[in-house]
Amino acid sequence: MSDTEYVPPQVWTWNKASGGRFANINRPIAGPTHDKALPVGEHPLQLYSLGTPNGVKVTVMLEELLALGKTGAEYDAWLIRIGEGDQFGSGFVDVNPNSKIPALLDRSNATPVRVFESGAILLYLAEKFGAFVPTDPAARAECLSWLFWQMGSAPYLGGGFGHFYAYAPTKQEYPIDRFAMEVKRQLDVLDRRLGESEFIAGPDYTIADMAIWPWYGGLVKGWSYGEAATFLDAQSYKNVNRWADQIHARPAVQRGRMVNRVQGDPAMQLHERHNASDFETKTQDKLAPAS
């Protein structure tokens, strides 16, 4: 790291790679980089995603809907490898012009409906199937407030703390301290809320829990950003840990976390999901060639 203070130019120009581990996919322009049609399976709901926290939100929701007996929520989940630039293919950009996972295409009607941004997908599915979002106006407002809390807060956890703590080319005290402070404040917000409520939005499990758990539940359980849970003293947030374990115990959550997953235990990786039986027959430990 240079001891020379950076002086920003009057007008920024893109003249070198930036972004540490993700530099190869960062660019200051939108739109496709190559032509590539998206695959389409047999179910009305087509999900194009990856098993990151934002992707897990949606696969958990779909598995929870199926667990309720909502057969119309059957889906095909296709793997989008963002490290290889799949999100910049022309077909994906048609479904999500922002080139981020997850993206959903609902083909159940004559005209397909595209839905992008994970919070929008959760709300769309909740309203489509009449589940996991309250109908009472006050309870609904509470649920949506927490849903949008996650959408606004998690970038400080991921793009802020996670990037500078785990992915940046060099460790820098100022940004790590700045974002660690904010993440701990957010954990305190959640801990206080979960000290007065079983679930995030009240007594019932909702899309607010599904949105927040992959980010903050994963953080306190030690799944995110290396040693971040220790660094942030995540175990001290007792109510968040209680809730994180409670959500993780749900079978649909465990299945949803496997879908489009490409890291960790091969038995927990289901790269594509097209049928409920895939969890038993098509995880990576079963597909890997014999040594």
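Here is a short report on the structure shown in this document. (Residues numbered from 1 in each chain as written. Predicted model: local features only at pLDDT ≥ 70, side-chain atom pairs only at ≥ 80, totals over all residues. Heavy atoms only, no water.)

## Here we look at the pattern of salt bridges
Any two side chains of opposite charge can pair if their charged atoms end up close together.
Item 1. In the structure shown here, the tally under the stated rule is 13 salt bridges.
Item 2. Residue E63 pairs with R255 through a salt bridge whose shortest N-O separation is 3.1 Å. Here E63 is found in helix α1 (residues 53–67), whereas its partner R255 is found in helix α9 (residues 251–258), with 192 residues between them in sequence.
Item 3. Overall, E63 belongs to the buried group, its relative accessible area being 3%.
Item 4. Between E196 and R193 there is a salt bridge; the shortest N-O distance is 3.1 Å.
Item 5. Each of E63, E74, R255 and R273 takes part in one network of salt bridges that share partners. (Salt bridge = Lys/Arg side-chain N within 4 Å of Asp/Glu carboxyl O. Helix = DSSP H or I, 4+ residues; strand = E, 2+ residues; numbered from the N terminus. Buried < 20%, exposed > 50% of the residue type's maximum accessible area, 1.4 Å probe, protein only.)

## Examining the nonpolar core
A general tendency of soluble globular proteins is for nonpolar side chains to be buried together.
Item 1. Among the nonpolar cores identified, the biggest contains 68 residues, and M61, L125, F161, I207, Y216 and W243 are the most heavily contacted of them.
Item 2. Ranked by the residues each element gives to this core, the list is headed by helix α6 (residues 207–220), at 10 residues.
Item 3. Among all residues touching Y216, those that are not within four sequence positions of it are W149, S153, A154, L157, Q186, L187 and L190.
Item 4. If you look at the next biggest cluster of nonpolar residues, it comprises 10 residues, including W78, I80, I101 and A103. (Core = buried A, V, L, I, M, F, W, Y, C linked by side-chain atoms within 4.5 Å. Contact = heavy atoms within 4.5 Å.)

## Considerations on the side chain of Q87
Item 1. Mapped onto the secondary structure, Q87 falls in the loop between β2 (75–79) and α2 (90–95).
Item 2. According to the relative accessible area criterion, Q87 is buried, its value standing at 4%.
Item 3. The contact partners of Q87, leaving out residues within four places of it in the chain, are I25, I80, R81, I82, F92, V93 and S99.

## Describing the environment of V183
Item 1. Relative to the assigned elements, V183 resides in helix α5 (residues 173–194).
Item 2. Sequence separation of V183 and S153 is 30 residues, and the distance between their C-alpha atoms is 8.6 Å.
Item 3. For V183, the contacting residues outside a window of four places in its chain are Y156, L157, F161, L219 and L232.

## Details of α9
Item 1. The complete set of buried residues in α9 reads A252, V253, G256, R257 and M258.
Item 2. Buried residues along α9 sit in contact with α1, α6, α8 (238–248) and α10 (278–281).
Item 3. Following α9 by one or two positions, N260 adopts a phi angle in the positive range, close to 60°.

## Some words on a nonpolar patch on the surface
Item 1. A contiguous nonpolar patch, built from Y6, W12 and W14 and spanning about 440 Å² of accessible area, is present on the exposed surface.
Item 2. Along the chain, the position of Y6 falls in the segment before β1 (45–49).
Item 3. The exposed category is assigned to Y6, whose relative accessible area is 59%. (Patch = residues over 30% accessible without salt bridge, like charges linked within 9 Å, V, L, I, M, F, W, Y side chains within 5 Å. Areas by Shrake-Rupley, 256 points an atom, 1.4 Å probe, with all protein chains shown as cover.)

That's the geometry; what it means functionally is another story.
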